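A structural walkthrough
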Amino acid sequence: MVQFKGLRLSGFKSFVEPTELAIEHGITGIVGPNGCGKSNLVEALRWAMGETSAKRMRCGRYCPALT
């Protein structure tokens, strides 16, 4: 079983400055207004778990982080 303790984000449109998110026991969801970066958090976790499909990462045909 994979268990994340935290996530460090940098270079996303919504997280230009490096941002660290602690993932504590019992977290069940990420909520916030439109455009605040919820999808960026999910994509960062997917990438960390090995996702390589640009289509699934909303990158279109080319995504520099996946090459």
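Residues numbered from 1 in each chain as written. Predicted model: local features only at pLDDT ≥ 70, side-chain atom pairs only at ≥ 80, totals over all residues. Heavy atoms only, no water.

**Structural notes on the pattern of salt bridges**
Taken as a whole, this structure holds one salt bridge when the rule is applied. Between arginine 8 and glutamate 20 there is a salt bridge, with the nearest N and O atoms lying 3.2 Å from each other. One end of the pair, arginine 8, is in strand 1 (residues 6-9); the other, glutamate 20, is in strand 2 (residues 19-22), and twelve residues separate them in sequence. In this pair, the class of arginine 8 matches that of glutamate 20, namely exposed. (Salt bridge = Lys/Arg side-chain N within 4 Å of Asp/Glu carboxyl O. Helix = DSSP H or I, 4+ residues; strand = E, 2+ residues; numbered from the N terminus. Buried < 20%, exposed > 50% of the residue type's maximum accessible area, 1.4 Å probe, protein only.)

**Concerning the confidence of the model for the chain**
On average, the chain scores 75 in pLDDT, and the residues at 70 or more come to 78%. Model confidence for the chain, summarised as mean pLDDT per element, is weakest for helix 1 (residues 38-48) at 80 and strongest for strand 2 at 85. (pLDDT = per-residue confidence, 0-100.)

**Re the pairing of strand 1**
Burial along strand 1 is one-sided: the residues Leu7 and Leu9 are buried and none of Gly6 and Arg8 is. Sheet analysis places strand 1 next to strand 2, joined by four bridges and oriented antiparallel. By the bridge assignment for strand 2, leucine 9 is matched with threonine 19. (Pairing = 2+ DSSP bridges.)

**Things to note about helix 1**
For helix 1, the full list of buried residues reads Asn40, Leu41, Glu43, Ala44 and Leu45. Summarising the contacts, the buried residues of helix 1 are in contact with strand 1 and strand 2. Within two residues after helix 1, glycine 50 carries a phi angle of roughly 110 degrees, on the positive side. (Contact = heavy atoms within 4.5 Å.)

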